[in-house]
Amino acid sequence: MNANLAHRRPDHEMPIEQQVPASFESVNMDQYLKHSHVYRHADMPAHAWFVENTGGDFFHYYRRHGLGMVYTWLRVEVEAVPVIPKESLRARFQTTLGHYPVREGKAPRYGGMDTMSFEGMQGEVARMSTSWVWFQHSKDVWPHVLREAPPEFLDTGLTLPFHQPAPEVEGEFAHRFVWTRRETDLNQHVNSMAYFERAENALFHIGLTPAAVGAWDVWYLNPAFPHQHTDAYVEVRDGRALVRMAAANGGETSTVMRIPLA
């Protein structure tokens, strides 16, 4: 099978719709969907998309072509619409494949943009948007990420828009923690979803409370790994918290998050 998924449909866009259940732990004490669990629910329609458009599942496709995907930016928006645990949500998922153009003297990066929405009995409860890039895996050591995937593997025709760059932030030291193996995934680094709960912990350490609704933005800058000591820094700007997570003792920043405050 050709790795060039975008040629399966001329408009490069591949939508899918699926029902997903809202689990008991997905709903917070305000009866709204948790920001971190919007991300978790997005996995189900994404997997269904791969089955429909490639004839195989997420991981088999990657293994077959030596590819992986890594998020560079993610936005999760939660509405003030109550959700009942076990309620079935209508998930609409669409991905657009292409390339991000040359920027600051660097080569184009090949990947896609996803949009998802979740609708319950009382209306739309959440939305999620992502930008991601393809990476190429070693054929000998799965699933270790080696380098960015070259253009011959992927569609290069459609130019994708850049998302807003991560804000510059130093911030006040909140606390230090250690990433656990429980927070990793098959890419052998910390999973994108794990940053949500760690950011909430950092805010509570300095007496701040994230809003139960609104939009969270996440910029993924460098991978973090299990057993890595990480420092969380927080700065309040324009009524929202900027949370920066970096390897301890002045190491490189892994993630910057922008979170509305209660």
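Positions within a chain are numbered from 1, following the residues in the order the chain's sequence is written. Under the rules for a predicted model, residues below a pLDDT of 70 receive no local features and side-chain atom pairs below 80 are neither given nor counted, while totals for whole chains, interfaces and linings still include all residues. The basis for every side-chain value is the complete set of non-hydrogen atoms in the structure, without hydrogens or water.

Comments concerning the packing of aromatic side chains
Put simply, two rings from Phe, Tyr or Trp (the six-membered ring, in Trp's case) pair if the centres are within 6.5 Å, and we call them stacked under 30 degrees between planes, edge-to-face over 60, tilted for the rest. Taken as a whole and assessed by the stated rule, the structure comprises six aromatic pairs. Aromatic pair Phe173 and Tyr233: ring centres 5.9 Å apart, planes at 70°, arrangement edge-to-face. Here Phe173, found in strand 7 (residues 172-178), pairs with Tyr233, found in strand 9 (residues 229-237); they are 60 residues apart in sequence, far enough to count as distant. Residue exposure (1.4 Å probe, protein chains only): buried if accessible area is under 20% of the type maximum, exposed if over 50%, otherwise partly exposed. Among the residues examined, Phe173 registers a relative accessible area of 42% and is labelled partly exposed. Judged by relative accessible area, Tyr233 falls into the buried class, the value being 17%. Relative to Tyr195, the ring of Trp179 has its centre 4.9 Å away and its plane inclined at 65°; by these criteria the two rings are edge-to-face. Taken together, the residues span a long stretch of sequence, with Trp179 in the loop between strand 7 and helix 3 (194-205) and Tyr195 in helix 3 at a distance of 16 residues. Note on accessibility: Trp179 and Tyr195 belong to one class, buried. An aromatic cluster is present here, built from Tyr71, Phe177, Trp179, Tyr195 and Tyr220 joined pairwise through their rings. Numbering of helices and strands starts at the N terminus; helices are DSSP runs of H or I of at least 4 residues and strands are runs of E of at least 2.

Describing the pattern of salt bridges
Counted as salt bridges are all cases of a side-chain nitrogen of Lys or Arg within 4 Å of a carboxyl oxygen of Asp or Glu. Tallying each qualifying case throughout the model produces 10 salt bridges. Among the salt bridges present, the one from Glu79 reaches Arg127, with a minimum N-O distance of 2.7 Å. One end of the pair, Glu79, is in the loop between strand 2 (67-78) and strand 3 (88-100); the other, Arg127, is in strand 5 (residues 123-137), with 48 residues separating them in the sequence. When its relative accessible area of 22% is taken as the criterion, Arg127 is described as partly exposed. The partner of Asp231 in a salt bridge is Arg176, and the shortest N-O contact between them spans 2.6 Å. With Asp231 in strand 9 and Arg176 in strand 7, the pair connects residues that are 55 residues apart, well separated along the chain. Take Asp231: its relative accessible area is 2%, and that puts it in the buried class. Among the residues examined, Arg176 registers a relative accessible area of 42% and is labelled partly exposed. Salt bridges linked by common partners bring Glu77, Glu79, Glu124 and Arg127 together as one network.

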